[in-house]
Amino acid sequence: MAKVVGAVVVDTEECKGCGLCVVACPQQVLGQNKQVNSRGYHFSFMENPEACIGCSNCAIVCPDTCITVYRVRV
Amino acid sequence: MEVKDIIKPENLVYEKPKLLTENTMHYCPGCTHGVVHRIVAEVIEDLNIQERTIGVSPVGCSVFAYNYIDIDWQEAAHGRAPAVATGISRVNPDKVVFTYQGDGDLASIGAAEIMHACNRGEDIVVIFINNAIYGMTGGQMAPTTLLGQVTATTPCGRDAERNGYPLKITELIAQLPGTSYVTRQSAHTPASVRKCKKAIKKAFQNALDKKGTSFVEVVSTCNSGWRINPVDANVWMEENMFPYYPVGDMKDAERDSKEAHLKKN
Amino acid sequence: MGELRLMKGNEVIAEAAIRCGCDGYFGYPITPQSEVMETLMAREPWDETGMVVLQAESEVASINMVYGAAGTGKKVMTSSSSPGISLMAEGISYIAGAELPCLIVNVQRGGPGLGTIQPSQADYFQSTKGGGHGDYKLIVLAPASVQEMNDFVDLGFELAFKYRNPAMILTDGAIGQMMEKVELGDYKPRMTAGEVESKTGSWATTGKTSDRDYNVITSLYLESSKMEESNRRLQEKYIQMEAEEVRYETFQCEDADYVLVAFGSSARICQKSVELARAKGLKVGLLRPITLFPFPKKPIAELAKKVKGFMAVEMNAGQMVEDVQLAVGCAKSLATVTYFGRMGGIIPTPGEVVEAIEQKLIEA
């Protein structure tokens, strides 16, 4: 069976650190960075990148449209 | 597979719609407006009606909606967006006109304008963001504020005797023969966002097909006004808002044949 | 010569709108101007020219419909009477702030409050000094005949588009209701989509095309510097209007010792008063402002150098008289400035005006 792997790119400057993507992710890929961006927000990042399946759920709930999603079958 | 090998143009499955501008939205972190703006942009893109669409933004947090979607916009006086949309639509029947309004704008100061625009069956789309509070002015009681809900002007909670009851305006709108599609959605989970997009797309398609007014309420959060974090605000909404404002279609004139005769023309 | 008809002032507004290529009328019934919308509805211009006519749920809605339609570059209008214009004040302020062209007709009735349905000129301040919130002006045209009711519809639209500013026809129940001979204008076609685009495409919401940035109609400028910039732009327009658009008429002012200043209905009364006064040997003339904003300051200042006194004759408690005083003051003239008027819907008689000239100007 083909396996699906994914990855997301967070526009860290646009991210406001609301955390909605973190709870929307079914694979617990995302976390909030301890660091902050220039506006002081704890931006999201892939904490467990290997778990990502590229389902886009994070991007779909993101109010600031700062997540781009990639997906590939391997 | 390395992350850098996945992030390639051919593997792209989701990106920001082209119709959203580069402007950073002024909304608070976690605000539902951002999601609904994106859905509207996606729908306009999907239907390929950028050149035909004119948006009407309200007074309230979404007053600056015109900064974010790359279409022509008009900014209306508080509550008057449905009248402004009527004016645009009547003299430009080839255009697709939508209003984007909050609960204070639509259900309080603009209650007359929304009722009459819907009753005339203007061929417009109404996007109604109901977060049960006045966001922009600092969290005062809205017509849709729940009983017991604490706001800046109901510090001890909304009291029916003093403040009246939360207004289910969408249920009232659904009674009007001029409306063809009236629905209540939310946009807080991946599944609800997908459903909400389907509803908004149907509303825009109805406007294109001149089927009368389509009205989409989106039960939303205002985590700043509610004084809760964005994630907990979604939970609070599910537990408190949904029982009073249940999501789902209230009217689909095409589907409900008994109502088909009420359709315009 | 155009088509001659015997018509009511209000009916003529409707007829002139259709003939000048108006795209839309949005209104709400109120006495004494309901014939405007009634005439339009009976004429069914949507079949003839494609003009839209819509009865709104309120004056508040109708002025906002005008805002929306005007924001797309179309030629649109509304009409109402005093209490209805008060309700529209918010919308008019937004229209002025967003710099939209449109025509508003105020067929005045007596006030304040619900007032009376009889004619009045008590909305002079409201019309010429703004009326709603913020620093703005309307171009205000004051017809004194049914013929001018006809002529000022086209002129009002022309000026509104020239300046991207709302224009108002300020008339009253007397002229709205009275029947007179009128020469109607020829039919002008409505602007085509191409004409709207070429004339207003730089700012109007005609639909965002790939060859331009998107247009926004708004009066919101949260940044003070941008708000001030917008205010300055408006003020520059008003200065240009004062330089280019002043319209007035004089009657027997050449040798006058005393000049009446009156507009609209009261100017008609004053014309008779001038004749009566002259028959008594009094050298009286009349200056009739046709544009109330911009106000004919200069011609009044010029007259102030040679006459003994002015009397503003108004159907209100004395509003325009303040503008006459300012104009005379600017001329550093010692001419007397006084006022005579009736209120509550009463039209002064020519005889009353002559008596007032004798008492307030000559004996004083």
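Residues numbered from 1 in each chain as written. Chains lettered and ligands numbered in written order. Predicted model: local features only at pLDDT ≥ 70, side-chain atom pairs only at ≥ 80, totals over all residues. Heavy atoms only, no water.

## Observations regarding the domain arrangement of chain C
In many reports, interface size means the accessible area that the parts give up when they come together. Residues and elements named next belong to chain C. Note the following rule: Note that the domain bounds were set by an automatic or database domain assignment. Values labelled buried area give the accessible surface lost by two parts on being combined, using a 1.4 Å probe and summing over both. A pairing counts as a salt bridge when a side-chain nitrogen of Lys or Arg comes within 4 Å of a carboxyl oxygen of Asp or Glu. Think of a polar contact as two N or O atoms within 3.5 Å of one another; within protein, one of them needs to be a possible hydrogen donor and the other a possible acceptor, and neighboring residues in sequence only count if both atoms come from side chains. In this classification, Asp, Glu, Lys and Arg are treated as charged, Ala, Val, Leu, Ile, Met, Phe, Trp, Tyr, Cys and Pro as nonpolar, and every other residue, Gly included, as polar.
Domain assignment breaks chain C into domain 1 (4-193) and domain 2 (248-363). Computed from C-alpha atoms alone, the centre-to-centre distance between domain 1 and domain 2 is 27 Å. Both sides of the domain 1 and domain 2 interface together cover about 2,000 Å² of buried area, and 55% of this is carbon and sulfur. Per-residue buried area on domain 1 facing domain 2 is highest for Gln 121, Tyr 124 and Phe 125; these three make up 34% of the total on that side. Seen at the junction of domain 1 and domain 2, the total is three salt bridges. Among the ionic pairs, Glu 148 bridges to Arg 288, the shortest N-O distance being 2.7 Å. Scanning the region where domain 1 abuts domain 2 turns up 17 residue pairs in polar contact (both at pLDDT 80 or more). Residues belonging to the side of domain 1 that touches domain 2 are distributed by class as follows: 16 nonpolar, six polar and six charged.

## Topic: the state of the cysteines
The following threshold applies: Two cysteine sulfurs form a disulfide in these notes if their separation is within 2.5 Å.
The final tally for this structure, using the stated rule, is zero disulfides over all chains. Unpaired in this structure, Cys 55 of chain A has its nearest cysteine sulfur neighbour in Cys 25 of chain A, at a distance of 6.1 Å.

## Details of the sheet that holds strand 13 (residues 291-293) of chain C
Residues and elements named next belong to chain C. Test applied: At least two DSSP bridges between two strands are required for those strands to pair. Strands are runs of DSSP state E lasting at least 2 residues, helices are runs of H or I lasting at least 4, and numbering of each runs from the N terminus. Fitting a line to C-alpha atoms yields each axis, with helices limited to the stretch in contact; the angle taken between N-to-C directions then spans 0 to 180 degrees.
Within the open sheet, the seven strands sit side by side as 3-2-4-5-7-6-13. Their pairing is mixed. The open sheet has two edge strands with one neighbour each: strand 3 (52-55) and strand 13. Averaged over neighbouring strand pairs, the angle between their axes works out to 20° when direction is ignored. Relative to strand 13, strand 6 (residues 139-141) runs antiparallel, the two being bridged by two bridges. Bridge pairing in strand 13 links Val 140 to Phe 293.

## A look at the interface of chain B and chain C
For clarity, the cut-off: Any two residues whose heavy atoms approach within 4.5 Å at even a single point are treated as in contact.
Contacts between the two partners involve 35 residues from chain B, matched on the other side by 35 residues from chain C. For the pair chain B and chain C, the summed buried surface comes to about 2,600 Å²; carbon and sulfur atoms form 58% of the total. Of all residues in chain B, Asp 72, Gln 74 and Val 91 of chain B give up the largest surface area on contact with chain C, accounting jointly for 22% of the area buried on that side. Notably, a salt bridge pairs Asp 72 of chain B with Arg 212 of chain C, separated by 2.7 Å at the nearest N-O pair. Between the two partners, chain B and chain C, sit 17 residue pairs in polar contact (both at pLDDT 80 or more). Of all the elements in the fold, those that place two or more residues in the side of chain B that touches chain C are strand 3 (72-75), helix 3 (81-91) and helix 5 (111-120) of chain B. If one sorts the elements of the side of chain B that touches chain C by residue count, helix 3 of chain B sits on top with seven residues. A breakdown of the residues in the side of chain B that touches chain C according to their chemical character gives 15 nonpolar, ten polar and ten charged. Pairing geometry for strand 3 of chain B and strand 9 (residues 216-217) of chain C, over two bridges, is parallel. Bridge pairing in strand 9 of chain C links Gln 74 of chain B to Ile 217 of chain C.

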